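The lines below spell out each chain.
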Amino acid sequence: MEMGLLGAVLLLCMADVLHSFAIEEKEDIFRRMVCPAFLMFDNAAYLADMTFELPCNCKPEEVSNVVWYFQKNMGGHETTVLTDFSGNMVLDSGHIHVGSDVLKRFTIRMFSLIIFRAQVSDSGHYMCGTKKGDFFYGYDVDVQPTKHITVAFLDIGQHVQDDYTGKAFSLFTTFWDWTKCDRCGVRGEQRRIGLCYVQSARLHPRYRTVLPNVTSCGSRAVPARLQRSGRRWKPEVAVRSCMAPCPQENNPQEGVQAISNVIYKLGQKPWLPRVPTQFYRHPLGRDLVIACPGARPEHAVAWDKGSVRLYRSRYLVGVNKTMRVFIDHGNHLHIRRVRFSDRGTYFCWREGKLAAGLRLRVSYEAQRRRSLDDPETIYIIKAIGVSYVLVGAIFIGVHLCRCCSRVLRYSVRV
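Along each chain, the written sequence defines residue order, and numbers are assigned to residues from 1. Predicted model: local features are reported for residues with pLDDT of at least 70 only, side-chain atom pairs are reported and counted for 80 or more only, and whole-chain, interface and lining totals are derived from all residues. To get the side-chain values, take all heavy atoms of the structure and skip hydrogens and water.

The protein has the name Family with sequence similarity 187 member A in an unreviewed UniProt entry, where Gallus gallus is given as its organism. One UniProt comment on the protein, placed under Subcellular location (unreviewed entry), says "Membrane". UniProt positions are given in the numbering used here, feature names are shortened, and annotations may be inferred rather than shown by experiment.

Laid out in structure tokens, this is it:
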């Protein structure tokens, strides 16, 4: 008994020593990393709706809290402060709305700035510093849009864009690794995201790049004249089919498994899947957007309606201009003008595993009284106002033309 207690005490002491060593190692990172005397900006490129993290790679030891600053253009008069002045702001990423201000989509953890669901407007300079305005480290962030993105389905022989070479620069696409197969046990799909990059000897020397003279197309290191050419080069997505086996689950012992099967079959409902399922009622004729729980745009996500596979080769946004049901590049499932035929259970796969289900019910929208600040009321008032203005302009124009014709006739007679 005494030997056991002695061993436990020694184990706890070793844990404290290792924890102290880990903290000391964390502090040593900032002690070894010397901040540059002249502020440089590291280039970083992302696709819209992605979440990215910017670590504060250097700071003085005496600084316990950092402040992050955002500037759209270097030397601009508008600077946004991204901090709660305590360095410990925590934000629930599940409550982030697309298109909301960056002040509602960030958090600071261990001196690192995290931006959720980045938008194109978030592109610019991010600087880590203090309340007094001392800067330690900087980033040049380029968030590239998903609108009009170029898609290549390799299974039908489509190819990615060829590189473009001009007199003073070259444009090309840098692809990330292929994602995991988005389904297991059945035919799935893989995606590969590619971002626009430019190579030129005329880049601004204040911006630091991974490769010499190579940076993303939206970087501030690219001269304005070359940026206009780079805007015509869109990000790319390559899609191909794949097959992956499902991982084997640890089965319980034979007797326990038999009892569990009996209990499962007694309480089984024919429509209930073995994944967390949410029930949702949606009004008829309204648009619906479904997100897969815990999924991000860079993850491998797939959608099924019951036993029907919604493959990207048919349901990816942009494949058909008249699509009512489609999947966007952020892995969301869109249903426009919901019909009664859209009722059913929708399943989402995340990273090759069946993750969740949504049982959708469609009902008539209950009548409600409209208020003046209702968006639909404002839209109708604007439409009626514009119609009255157009009718009035036509009426006045017709009468002016008649008056002018009469004046001309009278002057000719005279």
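What follows continues from the structure just given.
(A) A look at the state of the cysteines. Here, the term disulfide refers to a pair of cysteine sulfur atoms separated by no more than 2.5 Å. In the structure shown here, the tally under the stated rule is five disulfides. Paired through a disulfide, Cys-56 and Cys-128 show a sulfur-sulfur distance of 2.0 Å. Linking Cys-56 and Cys-128, the disulfide has an S-S dihedral of approximately -80° and is accordingly described as left-handed. Here Cys-56 is found in the loop between β2 (52-54) and β3 (67-71), whereas its partner Cys-128 is found in strand β7 (residues 124-129), with 72 residues between them in sequence. For Cys-292, the disulfide goes to Cys-348, at an S-S distance of 2.2 Å. Taking the sign of the S-S torsion, about 65° here, the bridge from Cys-292 to Cys-348 comes out right-handed. Note that Cys-292 is positioned in the loop between β17 (288-290) and β18 (301-305) and Cys-348 in strand β22 (residues 344-350), a separation of 56 residues in sequence. Here Cys-401 stays unpaired: no disulfide links it, and the sulfur of Cys-404, its closest cysteine neighbor, is 6.5 Å away. Buried residues are those whose accessible area, probed at 1.4 Å on protein chains only, stays under 20% of the maximum for their type, while exposed residues exceed 50% and partly exposed ones sit between those limits. Cys-401 sits in the exposed class, given a relative accessible area of 56%. In this text, helices come from DSSP runs of H or I with a minimum length of four residues, and strands from runs of E with a minimum of two, each type numbered from the N-terminal end.

(B) Structural context of the pairing of β3. Along β3, five of the five residues are buried, which leaves the element largely enclosed by surrounding structure. Residues Val-67, Tyr-69 and Gln-71 of β3 are buried on one face, and the alternating residues Trp-68 and Phe-70, pointing to the opposite face, are buried as well. When DSSP finds two or more bridges between two strands, those strands count as paired. Direction of pairing for β3 relative to β7: antiparallel, over a ladder of five bridges. Note that in β7 the partner of Gln-71 across the bridge is His-125.

(C) Highlighting the packing of aromatic side chains. Any Phe, Tyr or Trp ring, taking Trp's six-membered ring, that has another such ring centre within 6.5 Å forms a pair; planes under 30 degrees apart are called stacked, those over 60 apart edge-to-face, and the others tilted. Scanning the model with the defined rule gives 10 aromatic pairs in all. Between Tyr-137 and Tyr-139, the ring centres sit 5.4 Å apart and the planes meet at 55°, which makes this aromatic pair tilted. Clustering of aromatic rings is evident, with ring pairs tying together Tyr-46, Phe-52, Phe-70 and Tyr-126. Sitting above the plane of the Phe-111 ring, Lys-59 keeps its charged end 4.7 Å from the centroid. Criterion for a charge above a ring: Lys NZ or Arg CZ within 6 Å of the ring centre, and within 35 degrees of the ring normal.

(D) The arrangement of the pattern of salt bridges in detail. Each salt bridge in this description consists of a side-chain nitrogen of Lys or Arg and a carboxyl oxygen of Asp or Glu lying within 4 Å of one another. Summed over the entire model, instances satisfying the criterion amount to seven salt bridges. We note a salt bridge from Asp-182 to Arg-183, for which the minimum N-O separation is 3.7 Å. The burial state of Asp-182 is the same as that of Arg-183; both residues are buried. Note that Arg-324 is salt-bridged to Asp-342, the shortest N-O span being 2.9 Å. You can see Arg-324 sitting in the loop between α4 (312-315) and β20 (325-327) and its partner Asp-342 sitting in the loop between β21 (333-335) and β22, a full 18 residues away along the chain. Judged on exposure class, the residue Arg-324 and its partner Asp-342 are both buried. One salt-bridge network, in which partners are shared between bridges, spans Asp-182, Arg-183, Asp-304, Arg-309 and Arg-312.

(E) Geometry of the pairing of strand β1 (residues 41-47). With seven of seven residues buried, β1 lies mostly within the body of the structure. Residues Phe-41, Asn-43, Ala-45 and Leu-47 line one face of β1 and the alternating positions Asp-42, Ala-44 and Tyr-46 line the opposite face, and both faces are buried. Here two bridges tie β1 to strand β13 (residues 207-208), and the two strands are oriented parallel to one another. Bridging across to β13, Phe-41 finds its partner in Tyr-207. Relative to strand β8 (residues 135-144), β1 is paired through seven bridges, and the arrangement is parallel. Its bridge partner being in β8, Phe-41 is matched across the sheet by Gly-138.

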